[in-house]
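Residues per chain are reported as follows:
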Amino acid sequence: KFALRLIPSGILNPNTINVIGNGIVFDPKGFFEELEMLQSNGIDTKNIKISDRAHIIFPYHKELDGLAEEARGDNKIGTTKRGIGPCYMDKYERCGIRVYDLVHPEVFAEKVRMTGKLKNKIITEVYGGEPHDIEAIIKEYTEYGKRLAKYVDDVSVIVYEASKANKTIMFEGAQATLLDIDFGTYPYVTSSHPLSAGVCVGTGVGPMIISNIIGVAKAYTTRVGKGPFPTELDDEIGEAIRNKGGEFGTTTGRPRRTGWFDAVIVRHSVRVNGLSSLAINKLDTLGGIGDLKVCVAYKKPDGTVIENFPATLEELADCVPVYETLKGFDDDISSCRSFDELPEACKKYIERLEELCDCHISMVGVGPDREQIIER
């Protein structure tokens, strides 16, 4: 099992070129840690290309992330404190430092001194924190730049040329729809666009290049961090799903919040991503917990029933789920390799999700291995 934050999972296939787009924020230290982990496991890492337009995360971004989170008090967002939000803030404030700068030391040091001075002022005068040694940062990151130079390229050109040559291209999304800065549960979101549309601005390609968009969802609902969660199960069923499904953060180890499948959320995802189909995984996790509930709509305090995901947290927090109950299953389905082999209750569950989400379910996962993905 490989836990990757920056390097695409395609790195496990030696025949792929793996590109890290301009839409992400790049932590060089984290990148080299991942690189070394893969290399120590015998994975060839030469086929990595990093966009020269991606923005760099610095230690002061991480510091500001933590200080800002603490300052929110009871209104914490649940950030990972890796400096992601503050780095995007610099990007849009147009004072960010990019990979291009990092591999060009003649411009890099001057830019870090200018931005670092301002960040130290915010850290000390707004939050009462300790200032960072900017010269030490310049020295450390200049060395990263030297090591990084061989990986840096114009990702937009690479992907465009691959498309012209009719090569197969897979865009891998991070995070999820409800963490999108516009269409997620704002402000409990990330600072970018994990939607399918983010592919275009995140790598520098036009939308016509995309031909198939697969959404990935579990057979139940999970969430990491704070924010309203209408179908959350704060009981023994929720605990059973968490433990059986291994619902702990891939890179953080944080316990994920668990709940019944929420068709309102998935319909929202189908619409805003323009999904071609859905892959529903972890169906096996639901075995043996009794009847299964599916949220088909939300009910507001005044009794109004809504079928579309609300735009505001306040409205969402007041909603209660409208459930439909489906027959559960006790069978161990992990050895099933075709849809027909699944118990009748499983088939009916998947078929009903398909109807409720208004999207074809093309894959069903019955375990963690590749051969445990049933294609329909």
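Residues numbered from 1 in each chain as written. Predicted model: local features only at pLDDT ≥ 70, side-chain atom pairs only at ≥ 80, totals over all residues. Heavy atoms only, no water.

Trainee: Explanation requested: the overall build of the protein chain in the structure shown.
Mentor: Scanning the protein chain from terminus to terminus reveals 12 helices and 15 strands. For 376 residues, the compact-globule estimate of 2.2 N^0.38 gives 21 Å, and the protein chain sits close to it at 22 Å. Across its three principal axes, the protein chain shows a C-alpha extent of roughly 65 × 50 × 40 Å. Considering the protein chain as a whole, with its 376 residues, one finds that 45% of them fall into the buried category. Pairs at least 24 apart in sequence give 70% of the contacts found in the protein chain among residues at least 6 apart. (Helix = DSSP H or I, 4+ residues; strand = E, 2+ residues; numbered from the N terminus. Rg over C-alpha atoms; globule rule 2.2 N^0.38 Å. Buried < 20%, exposed > 50% of the residue type's maximum accessible area, 1.4 Å probe, protein only. Contact = heavy atoms within 4.5 Å.)

Trainee: Would you mind going over the sheet that holds strand β14 (residues 361–365) with me for this structure?
Mentor: Strand pairing in a sheet relies on backbone hydrogen bonds. The paired strands run either parallel or antiparallel. Read from one edge of the open sheet, four strands run β6-β10-β14-β15, paired in mixed fashion. On the outer flanks of this sheet lie β6 (214–218) and β15 (373–375), each paired with one strand and no other. Neighbouring strand axes in the sheet, compared pairwise and without regard to direction, differ in orientation by 20° on average. Two strands pair when backbone bridges link them, and strand β10 (residues 277–281) and β14 are joined in this way by three bridges, in the parallel orientation. The residue of β14 that forms the bridge with I280 is V364. On top of the sheet, helix α12 (residues 344–357) reaches β10 and β14; it is set at about 135° to β14, its chief contact. (Pairing = 2+ DSSP bridges. Axes fitted to C-alpha atoms, helices over the stretch in contact; angles between N-to-C directions.)

Trainee: Could you clarify how one ought to interpret the sheet that holds strand β5 (residues 152–153) in this entry?
Mentor: Ordered in space as β1-β3-β5, the three strands form an open sheet in which the pairing is parallel. Of all the strands in the sheet, the pair left with one neighbour each is β1 (18–20) and β5. Across two bridges, the pairing between strand β3 (residues 48–51) and β5 is parallel. Within β5, the residue paired with S51 across the bridge is D153.

Trainee: In this structure, what is going on with the environment of C346? I would like to understand it.
Mentor: Mapping C346 onto the fold places it in helix α12. Judged by its relative accessible area of 0%, C346 is buried. As a C-alpha pair, C346 and G328 span 18 residues in sequence and 7.5 Å in three-dimensional space. Setting aside chain neighbours within four positions, we find C346 in contact with L283, F329 and I333.

Trainee: How should the nonpolar core be read in this particular structure?
Mentor: Here is a general trend for soluble globular proteins: nonpolar side chains tend to be buried in one another's company. By size, the foremost hydrophobic cluster in this structure holds 37 residues, and its most contacted members are F261, L283, L342 and Y349. Counting 34 residues, the second largest nonpolar core, distinct from the first, contains F26, I50, V103 and Y151. (Core = buried A, V, L, I, M, F, W, Y, C linked by side-chain atoms within 4.5 Å.)

Trainee: I tried to follow unusual backbone geometry on my own but got confused; where do I start?
Mentor: Glycine aside, a negative phi is what most residues show, and trans is what most peptide bonds show. Here Y186 and P187 are connected by a cis peptide whose omega angle stands at 5°. Within the secondary structure, P187 sits in the loop between α7 (155–164) and α8 (198–203).

Trainee: Sorry if this is basic, but what is going on with helix α2 (residues 59–71) here?
Mentor: Because each turn of an α-helix spans 3.6 residues, side chains separated by three or four positions end up pointing in the same direction. Taking 1.5 Å of rise per residue, the 13 residues of α2 would be expected to cover 18 Å, and the 19 Å separating its terminal C-alpha atoms lies within 8% of that figure. Y60, H61, L64, D65, G66, L67, A68 and E69 are the residues of α2 that are buried. Those residues of α2 that are buried lie in contact with β4 (55–56), α3 (84–93), α5 (105–126) and α6 (134–148). A positive phi of about 60° marks G73, the residue just after α2. (Expected span 1.5 Å × (residues − 1).)

Trainee: I would appreciate a short explanation of the pairing of β3 in the present structure.
Mentor: Successive side chains on a regular strand alternate, one facing one side of the sheet and the next facing the other. When β1 meets β3, the two strands line up parallel, connected through three bridges. Its bridge partner lying in β3, N18 is registered against I48.

Trainee: Got a minute to help me understand the packing of aromatic side chains in this structure?
Mentor: Geometrically, a pair of aromatic rings is defined through the distance of the ring centres and the angle of the planes. Applying the stated criterion across every chain yields a total of nine aromatic pairs. Relative to Y60, the ring of F58 lies with its centre 5.5 Å away and its plane at 20°, an arrangement referred to as stacked. Each member of the pair F58 and Y60 is classed as buried. When the centroid spacing of 6.1 Å and the interplanar angle of 25° are considered together, the rings of F58 and F108 count as stacked. Pair noted here: F58 is in the loop between β4 and α2 and F108 is in helix α5, with a separation of 50 residues, a long-range link. Looking at F58, the relative accessible area reads 1%, which means it is buried. Through a chain of ring-to-ring contacts, three or more aromatic side chains come together here, namely F26, F31, F32, F58, Y60, F108, Y141, Y144 and Y151. (Phe/Tyr/Trp six-rings, centres within 6.5 Å; stacked < 30°, edge-to-face > 60°.)

Trainee: What is the right way to read the pattern of salt bridges from this model?
Mentor: A side chain with one charge may pair with a side chain of the opposite charge, provided their charged atoms come close. Scanning the entire structure with this criterion turns up 21 salt bridges. Between K46 and D44 there is a salt bridge, with the nearest N and O atoms lying 2.6 Å from each other. Its relative accessible area of 41% is what places D44 among the partly exposed residues. Shared partners join several salt bridges into a network, and the residues in it are K218, E247, R256 and K282. (Salt bridge = Lys/Arg side-chain N within 4 Å of Asp/Glu carboxyl O.)

Trainee: Could you clarify how one ought to interpret helix α9 (residues 236–245) in this entry?
Mentor: Within α9, burial applies to G238, I241, R242 and G245. End-on, the buried residues of α9 take up no more than an arc of 100°, which puts them together on one face. In this structure, the buried residues of α9 make contact with β8 (257–259). Capping the start of α9 is the job of one residue whose side-chain oxygen sits 3.1 Å from the backbone nitrogen of I237: D235. Trailing α9 by a residue or two, G246 shows a phi angle of about 60°, which is positive. (Arc of directions from axis to C-beta. Polar contact = N/O pair within 3.5 Å; in protein donor to acceptor, adjacent residues only side chain to side chain.)

Trainee: How do you make sense of the packing of α2 against α3 when you look at a structure like this?
Mentor: Contact geometry for α2 and α3: axes closest at 7 Å, N-to-C directions at 115°. For the pair α2 and α3, the crossing hand works out as right-handed. Contact with α2, carried on its side by Y60, H61, L64 and D65, involves I84, P86, C87 and D90 of α3 and no other residues of that element. (Left-handed = near helix turned anticlockwise from the far one by under 90°.)

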